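A look at the structure
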Amino acid sequence: MRVAIIVFPGSNCDRDIFEAIKYISKKMPKYIWHKETNIENFDLIIIPGGFTFGDYLRCGALASNSPVIKSIRDHASRGGAILGICNGFQILTETKLLPGTLIRNNALKFLCHDLNVIVQDTLPSPFTWGFKPTTKLNIPIAHNEGNYYVNGNELKKLIFNGQIAFKYEENFNPNGSVENIAGVLSENGRILGMMPHPERSVFNHHNSLDGKLFFQNLMEQLLS
Amino acid sequence: MTKENINIECTLNQAIEMGLTEEEFKLICQKIGKTPNLTEAGICSAMFSEHCSYKSSKKWLKTLPTSGDHVIQGPGENAGIIDIGDDQAIVFKIESHNHPSFIDPYQGAATGVGGILRDVFTMGARPIALMNVLRFGDINHSLTNHLLRGVVEGIGGYGNCIGIPTVGGETNFNKSYNSNILVNAMATGLVNKNKIFYSAASGVGNPVIYVGAKTGRDGIHGATMASAEFSDDTDSQKPTVQVGDPFTGKLLLEACLELMKTELILSIQDMGAAGLTSSSVEMASKGNVGIEIDLDEIPLREKNMSSYEIMLSESQERMLMILKKGAEEDAKKIFKKWDLDFAVIGKIISPKKIILKKENTIVCNLPLDFLVNESPELDREYEIKTSKVNLSNNKIFNKKSIKTIIYNIIGNENFASKKWIYEQYDSSVMGDTISIGIKSDASIVKIHGSEKGQFKGKAVAISTDCNSKYILNNPIEGGKITVAEAARNLVVSGAKPLAITNNLNFGNPEKKEIMGQIVGSIKGIKEACEQLNTPVVSGNVSLYNETNGKSILPTPVIGMVGIVNNIEKIIYMNAKNNETLFIIGQDENKYDGFLQSSLYQEIFCDDLLGQVPPIDLKKEKQIHDFVMKLNDNEVINSAHDISDGGLLPCMIEMLLFNKLGININLPPRIQNLNEENLLFLHGWLFGEDQSRIIISTKKPDKLMEFSKSENIKIYCIGKTNNTGVVEIPKYDSICINKCLDLYNNAIPNLFP
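Think of each chain on its own: its residues are numbered from 1, step by step along the sequence as written. Starting at A for chains and at 1 for ligands, labels are handed out in the order in which the entities are written. Under the rules for a predicted model, residues below a pLDDT of 70 receive no local features and side-chain atom pairs below 80 are neither given nor counted, while totals for whole chains, interfaces and linings still include all residues. To get the side-chain values, take all heavy atoms of the structure and skip hydrogens and water.

Take the overall build of chain A next. For chain A, the helix and strand inventory stands at five helices and 11 strands. In terms of overall dimensions, chain A has C-alpha extents of about 40 × 35 × 35 Å along its principal axes. Working rule for contacts: check all heavy atoms of both residues, and any pair within 4.5 Å makes them a contact. At a minimum sequence separation of 6, the contacts of chain A that also span at least 24 residues come to 74%. Reported accessibility uses the Shrake-Rupley method at a 1.4 Å probe radius. Residues are deemed covered only where the shown protein chains occlude them. As displayed, chain A offers around 8,800 Å² of accessible surface, 52% of which is attributable to carbon and sulfur atoms. The helix count covers DSSP runs of H or I at least four residues long, the strand count covers runs of E at least two residues long, and both are numbered beginning at the N terminus.

Set out below in structure tokens:
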């Protein structure tokens, strides 16, 4: 299992992901600086959370023009798996590797707390298969721009294709996301963007271990 | 641009405008043997400001205990450092950003966080936790809403972006802060004991390096502003507020830590208050050397900046370093990688002077010893005033039902949950947060990577405290209580208290009763720190917190750090069903309850004056040792300190999470009171007597044995049940769901 973690100026969950992957897979992931252009032979590329380039201009907008993005696109076109968490999700929508866009939370506040996301019935995907749809995972959020938006037609497409990976619980949507969407898959199911931080529910001192379940499942699926 | 005329002498009026007094100006002229030019006078004024020189408080700060077996670095450096074993050390400090935060709440608070983080990572530590202590005016005051929102957003704006978790703190509201809010930020970092960096410059000829962001005109003379009172035209000071850029802060943090892994760097200091002036003067003077800087080499953001402006700018995210000779190119590579400015701006010289050049002309030449050692130390007149008012409980007693009182306390803005605030902070980034001071009294962060095999790891525990009512009514006793309570919060969380940092926020020290608050609280803090073996390793003083002559409540904030040697021994505060609750430090005899200076008095009497609950520090220490012993022997299931609000509100806090109930076992003498004697019941339920802790246990017999053998008073309150009702037999019953609703929603309802 070879995992790459992309580091941009302003990434701040890179170490957290590194530690989580190391702990769960017992193998060392590799940090990739955003100016690197050659990233082949990875089973999984992770774009961690943070405030790349200070979120200036628009979250993820500057990072989506970094040199490393071309290699990430190549990885995607080879059908490689990519996981974008929080700011990583924002970068994936900015690069159009995932549909939709993430705008400011409807309460206009940064929000950090634990919540449940519900696994959806999706197209075949290493990120969700292995979980029974309707499974609840308790994973924290920490973001200011997590309000997922797509227009009506695109939303219909997402639903029809089974691209919605996770939803917030009805009445516990923290940011105003359309359809309570917390995570979205690419059309081939190989790319996932999600706002919650699974790497923050991995260790015994965390409030939940559901992020560990998420990564364990992902690794099993990717290796099978 | 026209060349600066360095021969223009500073006039007395100009000097006074810069914040110097006439006496100080005369002293400067006499000591340097000339009338200073504007740049020189500006540098002197910054160094002599209260903020940099501690001139009003120095005499008293010197009396604080600052050493101990575990102290690696006491006050005088960028931050204090304590040893936690395994070659690791904890670096921490608290600092205020009060004045800027009132003028521009977002930027003021954000740069407060940025500044304190730099103080910690400049010593080689990776910051692991942020805390903040906030004071706002009356919740109904027209500015409170705007200030609270701005400050909270600013703290989050910086901390969330730079990726250091904000794990706790405290927020209080009182009308004395209406026009002078307090924003105190504390940062804690982890460092390898053998890789600590200090600020003392060394090695004549070694290069002086400027790194980080460019210098602009922001924050010029900020240190002087922070040392003056506000008046109604505070808005005109807006240009002196610094602007923070957490993104550059993050790059600077990573670049500095990367450079510190090499052997290239000799010393380093953050450009904080008074910017390039204080950093260069302090680094050179600590190293017993001089410094020469070429101002043409400073990376500037704006054109035509004068040497005065360059030296006094408080632009953020800048550091000053001394490198080994020849290390410039290797160091520069690291900063280029992070897209940061890197400039060789001067060198270390042997005469103990600060020499500044601009366009090949010397624009400043001042002796360093004079600037640092001869900055004034004042012996201000003081009067330690204690409240003469001695109210019997009878006077404070309120005839409302217990139910009404408890709902009022729990829904009071100074008691209710601050979730509305802390949810706006990223508290779980870095993955090591164990508690944000909600499920335990202290905030707890795991020492990264400290687990080994079966051993689950160590953690650092942090608490912040200040009860201003106590200080107002009795500065000495109040000072003791503030330290004792901070320590108690650590002990009930399973930690051992180690050391403190303090932030002394007061009004105008030129008034003798304010000076009395400063002197008195320092005396109290000193005594408590000595008794509890928690030396003061860093701190900050913020004076002149007054507007139009009205002072804030005295607010000497204590930030205490402790160690949890095994995270499996952490104690949380939520009780579970079927556990027995005990008060440690109190038995059923002779207890009337101390309602003076309490939250009960504050809410129902509209008056803060009264006596302060007595504190016996020896007893306090015994209680701490006892609780630690109980914890070692696995007698404690949960624990909580009895502080603001007294027994009943604090006990209810332990029951809220699991929505438990309890049938309170009242001592016989208050079981059947008639109406006029109900005050004894109120005293018992709401009194704020010190040195008391509530614990829950599954082993009451074992607890009673320990209580006998250790001779510690305990009192059994009763057994928790799952009814969700707190029964006070014959008097009242309280609904936990209602309490939970008030506790969670009081603040959101105030700030929709």
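Here the narrative resumes, following the displayed structure.
Let us now look at the overall build of chain B. Helix and strand counts for chain B come out as 26 helices and 28 strands. For a compact globule the rule gives 2.2 Å times the number of residues to the power 0.38, and the radius of gyration it is set against comes from C-alpha atoms. Against the globule reference of 27 Å for 752 residues, chain B gives a C-alpha radius of gyration of 27 Å, in line with a compact fold. Counting only C-alpha atoms, chain B reaches 90 × 60 × 45 Å along its principal axes. Each residue is assigned to one of three classes by its accessible area relative to the maximum for its type, calculated with a 1.4 Å probe on protein chains only: buried under 20%, partly exposed between the two thresholds, exposed over 50%. Burial statistics for chain B: of 752 residues in total, 65% are counted as buried. Here the contacts in chain B between residues at least 6 apart in sequence split such that 85% fall between residues at least 24 apart. Accessible surface, chain B: about 26,000 Å² in total, of which carbon and sulfur atoms supply 47%. In chain B, 77 side chains carry a positive charge and 90 a negative one; their mean positions are 3 Å apart. The charge count includes Lys and Arg as positive and Asp and Glu as negative, but it does not include His or the ends of the chains. For this purpose, a charge sits on NZ of Lys, CZ of Arg, CG of Asp or CD of Glu.

Moving on, we come to the pattern of salt bridges. Two side chains that carry opposite charge are able to pair once their charged atoms sit near each other. Residue and element names in this part refer to chain B. When a carboxyl oxygen of Asp or Glu lies within 4 Å of a side-chain nitrogen of Lys or Arg, that pair is called a salt bridge. With the rule as written, the count across this model stands at 47 salt bridges over all chains. Where Glu254 meets Arg126, a salt bridge forms, and the shortest distance between an N and an O atom there is 3.0 Å. Separated by 128 residues along the polypeptide, Glu254 in helix α10 (residues 246-260) and Arg126 in strand β4 (residues 126-136) bring together distant segments of the chain. You can call Glu254 buried: its relative accessible area is 14%. For Arg126, a relative accessible area of 27% translates into the label partly exposed. Here the salt bridges share partners, and the residues they tie into one network are Arg217, Asp218, Arg301, Glu302 and Glu309.

With that settled, consider the sheet that holds strand β6 (residues 111-119) of chain A. Two strands in a sheet stick together by hydrogen bonds in their backbones, pointing the same way (parallel) or opposite ways (antiparallel). Residue and element names in this part refer to chain A. Within the open sheet, the nine strands sit side by side as β2-β1-β3-β4-β11-β10-β9-β6-β7. Their pairing is mixed. Looking at the sheet topology across the chains shown, the edges are occupied by β2 (30-33) and β7 (136-143). The sheet shows a mean angle of 25° between the axes of neighbouring strands, taken without regard to direction. A strand pair is defined by DSSP finding two or more bridges across the two strands. With three bridges joining them, β6 and strand β9 (residues 164-168) adopt antiparallel strand pairing. If you follow Val117 over to β9, its bridge partner there is Tyr168. Along the sheet, helix α5 (residues 210-223) makes contact with β3 (44-47), β4 (81-85), β7, β9 and β11 (191-194), crossing β7 at roughly 105°. Angular values range over 0 to 180 degrees, each being the angle between N-to-C directions of two axes fitted as lines to C-alpha atoms, with helices fitted over their stretch in contact.

Residue and element names in this part refer to chain B. Tracing the backbone shows Ala125 in the loop between α7 (105-121) and β4. Placed 606 residues apart in sequence, Ala125 and Tyr731 show a C-alpha to C-alpha distance of 55 Å. Setting aside residues up to four positions removed in sequence, Ala125 forms contacts with Val91, Val120, Gly189, Leu190, Val191 and Leu257.

Residues of chain B with pLDDT of at least 70 account for 96%, and the chain-wide mean is 93. The ipTM for the predicted assembly is 0.97, set against a pTM of 0.95. Scored from 0 to 100, pLDDT reflects the predictor's confidence in each residue.

Now for the environment of B:Tyr210. All names here are of chain B. Structurally, Tyr210 can be placed in strand β7 (residues 207-212). The buried category is assigned to Tyr210, whose relative accessible area is 0%. Separated by 31 residues in the primary sequence, Tyr210 and Ser179 place their C-alpha atoms 37 Å from one another. Sequence-distant contacts of Tyr210, that is, excluding residues within four places in its chain, are made with Thr215, Met271, Ile298, Pro299, Arg318, Met319, Asp341, Phe342, Ala343 and Ile345.

Contacts between chain B and chain A engage 31 residues on the former and 26 residues on the latter. Note: buried area is the sum, over both parts, of the accessible area (probe 1.4 Å) each one loses when the two are combined. For the pairing of chain B and chain A, the buried interface totals around 2,300 Å² over both sides, and the portion due to carbon and sulfur atoms is 54%. Its largest share of buried area at the contact with chain A, chain B owes to B:Phe247, B:Glu423 and B:His448, together 23% of the area lost on that side. The interface formed by chain B and chain A includes two salt bridges. Notably, a salt bridge pairs B:Asp432 with A:Arg15, separated by 3.2 Å at the nearest N-O pair. Polar contacts, as used here, are pairs of N or O atoms within 3.5 Å; protein pairs need one atom able to donate a hydrogen and one able to accept it. Residues neighboring in sequence count only if both atoms are side-chain atoms. The interface formed by chain B and chain A holds 14 residue pairs in polar contact (both at pLDDT 80 or more) in total. Counting only elements with at least two residues in the side of chain B that touches chain A, the list comes to α8 (144-162), α10 and β14 (433-436) of chain B. Of the residues forming the side of chain B that touches chain A, the biggest block, four residues, is contributed by α10(B). Classification convention: Asp, Glu, Lys, Arg as charged; Ala, Val, Leu, Ile, Met, Phe, Trp, Tyr, Cys, Pro as nonpolar; all other residues, Gly among them, as polar. Class assignment for the residues of the side of chain B that touches chain A results in 12 nonpolar, eight polar and 11 charged.

Residue and element names in this part refer to chain A. Stacked, edge-to-face and tilted labels apply to pairs of Phe, Tyr and Trp rings (six-membered ring for Trp) whose centres lie within 6.5 Å, assigned for plane angles under 30 degrees, over 60, and everything in between, in that order. Across all of its chains, the model carries 18 aromatic pairs over all chains by this definition. Their ring planes at 20° and their centres at 4.8 Å tell us that Phe18 and Tyr31 sit as a pair that is stacked. Placement of the pair is Phe18 in helix α1 (residues 14-25) and Tyr31 in strand β2, with a sequence separation of 13 residues. On the accessibility criterion, Tyr31 (36% relative accessible area) is partly exposed.

With that settled, consider the packing of α7(B) against α8(B). All names here are of chain B. Relative to each other, α7 and α8 sit at 35°, their axes nearing to 7 Å. Crossing of α7 against α8: the hand is right-handed. From α7, Pro105, Tyr106, Ala109, Ala110, Val113, Gly114, Leu117 and Arg118 reach across to α8, where they touch His146, Leu147, Gly150, Val151, Glu153, Gly154, Ile155, Gly157, Tyr158, Gly159 and Ile162. Grouping the constituent residues of the contact of α7 with α8 by class yields 11 nonpolar, six polar and two charged. Helix crossings fall into two classes, left-handed where the near helix is turned counterclockwise from the far one by less than a right angle and right-handed where it is turned clockwise.

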